[in-house]
Amino acid sequence: MSKVRTVFFDLDGTLWQPRDVVLPAYHLAFERLGKPVPDEVTLLDTMGYPNAEIWERLLPGASAKERMQANELMGVAEQEVLSQGLAGPFPGVKTTLKQLHEQGVTLSIISNCDRHYLQAVPDSLGIGELFSHRFCAEDYRGLTKAQILRKLLPRFPEPAAMVGDRHHDIQAGLQNGLLTIGCLFGFGKQEEFEGADHLIHNFVELLEVLN
């Protein structure tokens, strides 16, 4: 295979560990909703899913309006927690991305998150400037990550790779014929990586795969 010219990255569980931001934000959001907070395992299991699916899981008996309110409250809470400046990328992320960027590789994020989250998180992590584009599910409502990626690919130099930690990412890469790299340090279970071309145990290993 020719040298990869474009890499698409998932965000949560791939570029950073959102636990210390997302869990406090969930607690704030549920407190403001006046509803009991689900257990930590349930909350973390939603990571990487589209927001509509997240609130269907966390508020199964709620109306569409209540779920929309919950999502809005969560967005505000995330901003509050991020503003504390405690978030950071996984070890090796910044140096690895810088090296790829200096090699002329086009770097983009494609995430199931909302637009505000996509803008706030990479900038808070100090890596936002390294990405030429950021894409989120909110801008492509009703489409899976694989379908979003299919629409985007003609805009980018190929060959391309998809890097992520959940089955949405692996399937997006496989269904579009991309080199697919699974991050074992994220939230995905082993079975979610079936079919991936490579598995990495830490972010720095990405350089070995791509070079």
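Scope of this entry: the structure provided in the associated data block. (Residues numbered from 1 in each chain as written. Predicted model: local features only at pLDDT ≥ 70, side-chain atom pairs only at ≥ 80, totals over all residues. Heavy atoms only, no water.)

### Examining helix α5 (residues 93–102)
Alright, step 1. Every buried residue of α5 is listed here: V93, T96, L97 and L100. When α5 is viewed along its axis, its buried side chains cluster within an angular range of 95 degrees and face the same direction. Residues of α5 that are exposed and angled more than 90 degrees away from the buried face: T95 and E102.
Alright, step 2. The inward-facing, buried residues of α5 abut β1 (6–9), β2 (106–111) and α9 (205–210). (Buried < 20%, exposed > 50% of the residue type's maximum accessible area, 1.4 Å probe, protein only. Helix = DSSP H or I, 4+ residues; strand = E, 2+ residues; numbered from the N terminus. Arc of directions from axis to C-beta. Contact = heavy atoms within 4.5 Å.)

### Regarding the layout of surface pockets
Alright, step 1. Approximately 590 Å³ is the volume found for the largest pocket.
Alright, step 2. Along its surface, the largest pocket is lined by 22 residues, and N51, A52, N71, D114 and R141 are the ones closest to its centre.
Alright, step 3. Broken down by secondary-structure element, the contributors of at least two residues to the lining of the largest pocket are α3 (51–58) and α4 (64–82).
Alright, step 4. At six residues, the largest contribution of residues to the lining of the largest pocket is made by α4.
Alright, step 5. A breakdown of the residues in the lining of the largest pocket according to their chemical character gives nine nonpolar, six polar and seven charged.
Alright, step 6. Approximately 160 Å³ is the volume attributed to the second largest pocket.
Alright, step 7. Listing elements by their share of the lining of the second largest pocket, those giving two or more residues are α7 (145–152) and α8 (167–175).
Alright, step 8. In terms of residue count, α8 provides more of the lining of the second largest pocket than any other element does, five residues in total. (1 Å grid on protein atoms, 1.4 Å probe; cavity = no way out; pocket = protein on both sides within 12 Å on 5 of 7 lines; lining within 4 Å. Points joined across faces, edges and corners; volume = space filled by probe spheres on them. Nonpolar A, V, L, I, M, F, W, Y, C, P; charged D, E, K, R; others polar.)

Coordinates in, geometry out; function isn't part of it.
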